[in-house]
Amino acid sequence: MSLNLLPDPEFGPPRGTDSAVIRFPGKAVPRLHLSPPHLAGGEMEALRETLDSGWVAPAGPMLPAFEAAVSRATGFSHVAAVASGTAALHLGYRVLDLAPGDEVWTSTLTFVATIAPAVQMGATPRFLDVDPGSWTMDPNVLRTALQAAAARGRLPRMVVPVDLYGQCADLEPIVAACDRWGVPVMSDSAEALGALHRGRQAGAGARLAVFSFNGNKIITAGGGGVLCSEDEHLVARARFLGSQAKETAAHYQHETTGYSYGLSSVLAAVGLAQLSALDSRVSARRAIFQRYVTGLHDLPGLTFMPEPAWGRSTRWLSVIMIDPHGFGAEREAVRRALELIGIESRPVWKPLHLQPAFRGASLFGNAGVATSLFERGLCLPSGSGMEPAQQARVIEAIRGCWRG
Ligand SMILES: *Cc1c(COP(=O)(O)O)cnc(C)c1O
């Protein structure tokens, strides 16, 4: 039996299928993906145990075991496992009582899932520019914006900083600025399991934090997410809403409506086995980043995503910046050159204020930093299972684009 955890071709098609292979005349080279799942070894045993036990539904002993392991890995006392990171964010918005017309402030440089559930609930998004030293929400922009909002008498319902590509947002000043006005913080830490900020784990200090176990993240359950907090009641409420808001009664009593967001025990088993490898996955991703630095640092016009002194990134994705003047080629030319030889790379997230879906949403800061990162940034293959020889091909191809 071969184990197949790959939900989306973006993250790497199943082993042995044709789409995993780029055919050149006379030879076949496996396509190199951005961040495919990397099995830890214990998945099959955990799966067999789960199937043997009969607990395959979103119930049974595997779920609390997975939640306890997430609690150890993140430092959060209370954890609710759900079907995806997006579902966890949705529940976070619900338990903080987000209502139609409320404002939610988030970093403009992120994946759409950060804000999508809030917009679907009728909230108004507002986007903040990022700090060039971390590429995450700029606490100074936030402080100024909160002051102005308080003066207008219209504070946001919540602020959602985003950890980017394995790097934490600077939560300490962000939470301090929000505390001053009583605004709760939910950290979208989907990309940063295993990262640190000021010596604390990703999300620590926020009222709520969300992690994702999607197929492309550093640790995957094949799909899944968690909502974490130090507040037991918020997590209990999320659990309740995520399992159809059933009141305690035999006859299906509902005071409100919820969602079917349970995580299957089958996936929890995979996630549990994967979590045991977290430390080695972080080391591997950081080593991959270092190899890119060694192989590319001498090229004029090419720079790397910075790591601020207060943080320790997991380098979930290795990201480079290409300045066409110094480098002699555009970011897109490099991306296409890699694509041509079967290497996947991706532009940095398109800032949300530029997305047609959020046309008209207002902005704090001029978003010059995020916009420039989008124009020049390129995410490179960063999977912890990538072989040095595969990475050497990426490095060689990028060097081949340089026209100094
Ligand atoms: C992956 C991701 C999510 C969504 O997680 P899913 O488990 O895919 O729903 C949310 N926010 C960010 C920043 C992400 O990278």
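Residues numbered from 1 in each chain as written. Predicted model: local features only at pLDDT ≥ 70, side-chain atom pairs only at ≥ 80, totals over all residues. Heavy atoms only, no water.

Peer 1: What am I meant to see in the overall build of the chain here?
Peer 2: Summing up its helical and strand segments, the chain has 13 helices and 17 strands in all. Over its C-alpha trace the chain gives a radius of gyration of 21 Å, about what one expects of a compact globule, namely 22 Å for 404 residues. Principal-axis analysis of the C-alpha atoms gives the chain an extent of 65 × 60 × 35 Å. Here the chain, with 404 residues, has 52% of them falling under the buried criterion. Of the contacts made within the chain by residues no fewer than 6 positions apart, 71% connect residues no fewer than 24 positions apart. Surface summary for the chain: the accessible area is close to 16,700 Å², and the carbon and sulfur share equals 54%. For the chain, the distance from the average site of its 36 positive side-chain charges to the average site of its 36 negative ones is 4 Å. (Helix = DSSP H or I, 4+ residues; strand = E, 2+ residues; numbered from the N terminus. Rg over C-alpha atoms; globule rule 2.2 N^0.38 Å. Buried < 20%, exposed > 50% of the residue type's maximum accessible area, 1.4 Å probe, protein only. Contact = heavy atoms within 4.5 Å. Areas by Shrake-Rupley, 256 points an atom, 1.4 Å probe, with all protein chains shown as cover. Lys, Arg positive; Asp, Glu negative; His and termini not counted. Charge placed at Lys NZ, Arg CZ, Asp CG, Glu CD.)

Peer 1: Help me out: how do you make sense of helix H13 (residues 388–401) in this one?
Peer 2: One full turn of an α-helix is made of 3.6 residues, so residues set three or four places apart face in the same direction. Taking 1.5 Å of rise per residue, the 14 residues of H13 would be expected to cover 20 Å, and the 20 Å separating its terminal C-alpha atoms lies within 8% of that figure. Every buried residue of H13 is accounted for by Gln391, Val394, Ile395, Ala397, Ile398 and Cys401. Projected onto a plane normal to the axis of H13, the buried residues spread over an arc of 160° and lie on a single side. Turned more than 90 degrees away from the buried face of H13 sit Ala389 and Glu396, all of them exposed. Contacts from the buried residues of H13 go to helix H9 (278–296), strand S12 (302–304), strand S14 (318–322), helix H10 (324–327), helix H11 (331–340) and strand S17 (377–380). (Expected span 1.5 Å × (residues − 1). Arc of directions from axis to C-beta.)

Peer 1: Mind showing me how you'd approach the site of the ligand here?
Peer 2: Thr86, Glu191, Ser212, Asn214 and Lys217 are the nearest of the 16 residues found near the ligand. Between the ligand and the protein, one listed contact pairs an oxygen atom with a side-chain N or O atom of Thr86 at 2.5 Å. At 3.3 Å, a side-chain N or O of Lys217 approaches an oxygen atom of the ligand. The residue inventory of the shell around the ligand, partitioned by class, reads 5 nonpolar, 8 polar and 3 charged. (Near = heavy atom within 4 Å. Polar contact = N/O pair within 3.5 Å; in protein donor to acceptor, adjacent residues only side chain to side chain. Nonpolar A, V, L, I, M, F, W, Y, C, P; charged D, E, K, R; others polar.)

Peer 1: Honestly, empty space enclosed by the protein in this entry has me stumped. Any pointers?
Peer 2: Under the definition given, this model contains 1 cavity of 30 Å³ or more. Here the largest cavity is characterised by a volume of approximately 30 Å³. Lining the largest cavity are Ala190, Glu191, Ala192, Leu193, Ser212, Lys217, Ile218, Ile219 and Trp316. Across the lining of the largest cavity, the residue classes tally to 6 nonpolar, 1 polar and 2 charged. (1 Å grid on protein atoms, 1.4 Å probe; cavity = no way out; pocket = protein on both sides within 12 Å on 5 of 7 lines; lining within 4 Å. Points joined across faces, edges and corners; volume = space filled by probe spheres on them.)

Peer 1: Looking at this structure, I do not really get the packing of aromatic side chains. What am I missing?
Peer 2: Ring pairs (aromatic) are described by centroid distance and by the angle formed between their planes. According to the stated counting rule, one finds 8 aromatic pairs in the structure shown. Relative to Tyr261, the ring of Tyr259 lies with its centre 5.0 Å away and its plane at 10°, an arrangement referred to as stacked. Here Tyr259 falls in the buried class, since its relative accessible area comes to 17%. One aromatic cluster is present, formed by Phe111, Tyr165, Trp316 and Trp349 through successive ring pairs. Its guanidinium or amino end placed over the ring of Phe289, Arg315 lies 3.5 Å from that ring's centre, counting from NZ or CZ. Sitting over the face of the ring of Phe374, Arg331 holds its NZ or CZ atom 6.0 Å from the ring centroid. (Phe/Tyr/Trp six-rings, centres within 6.5 Å; stacked < 30°, edge-to-face > 60°. Lys NZ or Arg CZ within 6 Å of the ring centre and 35° of its normal.)

Peer 1: Where do I start with the UniProt feature "modified residue: N6-(pyridoxal phosphate)lysine" (unreviewed entry) in the chain in this structure?
Peer 2: Using the residue numbers shown here, the UniProt feature "modified residue: N6-(pyridoxal phosphate)lysine" (unreviewed entry) corresponds to Lys217. You can see Lys217 is positioned in the loop between strand S10 (208–212) and strand S11 (225–229). If near-sequence neighbours (up to four positions away) are discounted, Lys217 is found in contact with Ala190, Glu191, Ser212, Arg285 and Trp316. (UniProt positions renumbered as here; feature names shortened; annotations may be inferred.)

Peer 1: Help me understand the UniProt feature "active site" (unreviewed entry) in the chain, please; the structure alone is not making it clear to me.
Peer 2: The positions that UniProt labels "active site" (unreviewed entry) are, in the present scheme, Lys217. With relative accessibility at 11%, the residue Lys217 sits in the buried group.

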